[in-house]
Amino acid sequence: MTIQHIDVAYTAVATAENGRDGRVSTDDGALDVVVNPPKEMGGSGAGTNPEQLFAAGYSACFQGALGVVARQEKADITGSTVTASVSIGRTEAGGFGLEVAISASLPNVDTATAQALVEKAHQVCPYSNATRGNIKVELSAG
């Protein structure tokens, strides 16, 4: 896969202290959160974790891409929601990997149209483009 150059419109900057058991903040102060490993991975679960932050970013980004596609297709996605479920686990090589499930609810379109819009949004979304070919991403719509 060839790395493509982009015309940068914005750069987000975040800094982590103490990795998965510390704090993450953005340079503008808009985000400043305690991060802890989830209980399922032996942590306290007291703060958020990188997988939750990734799920939040992916779901918001995908919802935006869905809006772009819906406007192009003149589809009504009023009241729609996008949920991203991010899973972490060991890989066969012994490291850790992620899997994502994207579920979109589009109450104002039929199931076939909803699925088609989600598939098109998957081609537009920057998170989908960044993860394509690297991790398993499942899509569902209704």
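When you look at the sheet that holds strand β4 (residues 81–90) in this model, what are you seeing that I'm missing?
The strands that make up a sheet pair up through hydrogen bonds in the backbone, lying either parallel or antiparallel. Spatially, the three strands line up as an open sheet ordered β4-β5-β6, and their pairing is mixed. On the outer flanks of this sheet lie β4 and β6 (136–141), each paired with one strand and no other. Here the strands of the sheet are splayed against their neighbours by 15 degrees on average, with no regard to which way each runs. Across ten bridges, β4 lies against strand β5 (residues 96–105) in antiparallel orientation. Bridge assignment links Ser 85 to a residue of β5, and that residue is Ala 101. Here helix α1 (residues 50–73) sits on the sheet and contacts β4, β5 and β6; the angle it forms with β4, its principal contact strand, is near 145 degrees.

What's the story with the packing of α1 against helix α2 (residues 111–124) in this structure? I'm lost.
Geometry of a packed helix pair, given as the angle between the helix axes and the separation of the axes. Look at α1 against α2: their axes get within 8 Å of each other, and the N-to-C directions meet at 115 degrees. Taken together, the axes of α1 and α2 lie roughly perpendicular to each other. Crossing of α1 over α2 shows right-handed handedness. Note on element contacts: α2 touches α1 through Leu 117, Val 118, Lys 120, Ala 121, His 122 and Val 124, opposite Tyr 58, Phe 62, Ala 65, Leu 66, Val 69, Ala 70 and Glu 73. Across the contact of α1 with α2, the residue classes break down as ten nonpolar, one polar and two charged.

Could you clarify how one ought to interpret the packing of aromatic side chains in this entry?
Pairs of aromatic rings are described using the distance from one ring centre to the other and the angle between the two planes. For the structure on display, the rule yields four aromatic pairs. Ring plane angle 45 degrees and centroid distance 5.6 Å describe the contact between Phe 54 and Tyr 127, whose orientation is recorded as tilted. Separated by 73 residues along the polypeptide, Phe 54 in helix α1 and Tyr 127 in helix α3 (residues 126–131) bring together distant segments of the chain. Residues Tyr 58 and Phe 62 carry aromatic rings whose centres are separated by 6.4 Å and whose planes lie at 55 degrees to one another, so their mutual orientation is tilted. On the criterion of helical spacing, the pair formed by Tyr 58 and Phe 62 is a turn pair, its members being four residues apart in helix α1. Phe 62 shares its class with Tyr 58; the two are buried. Site record: aromatic cluster; members linked through ring pairs are Phe 54, Tyr 58, Phe 62 and Tyr 127.

What am I meant to see in the nonpolar core here?
Among soluble globular proteins, nonpolar side chains are generally buried collectively. The biggest cluster of nonpolar side chains holds 24 residues, and the ones touching the most others in it are Tyr 58, Phe 62, Leu 66, Ile 102, Leu 106, Leu 117 and Val 118. Contributions of two or more residues to this core are made by α1, β4, β5, α2 and β6. For this core, the leading source of residues is α1, giving seven residues. The contacts of Ile 102, once residues within four sequence positions are left out, are Tyr 58, Phe 62, Val 82, Thr 83, Ala 84, Val 137, Glu 138, Leu 139 and Ser 140.

When you look at the environment of Gly 43 in this model, what are you seeing that I'm missing?
Looking at the element boundaries, Gly 43 is found in the loop between β3 (32–35) and α1. Measuring from C-alpha to C-alpha, the distance between Gly 43 and Asp 21 comes to 8.2 Å, with 22 residues separating the pair along the chain. Among all residues touching Gly 43, those that are not within four sequence positions of it are Pro 37 and Pro 38.

The rules behind the values
- Residues numbered from 1 in each chain as written.
- Predicted model: local features only at pLDDT ≥ 70, side-chain atom pairs only at ≥ 80, totals over all residues.
- Heavy atoms only, no water.
- Pairing = 2+ DSSP bridges.
- Helix = DSSP H or I, 4+ residues; strand = E, 2+ residues; numbered from the N terminus.
- Axes fitted to C-alpha atoms, helices over the stretch in contact; angles between N-to-C directions.
- Contact = heavy atoms within 4.5 Å.
- Parallel < 35°, antiparallel > 145°, perpendicular 65-115°, else oblique.
- Left-handed = near helix turned anticlockwise from the far one by under 90°.
- Nonpolar A, V, L, I, M, F, W, Y, C, P; charged D, E, K, R; others polar.
- Phe/Tyr/Trp six-rings, centres within 6.5 Å; stacked < 30°, edge-to-face > 60°.
- Buried < 20%, exposed > 50% of the residue type's maximum accessible area, 1.4 Å probe, protein only.
- Core = buried A, V, L, I, M, F, W, Y, C linked by side-chain atoms within 4.5 Å.

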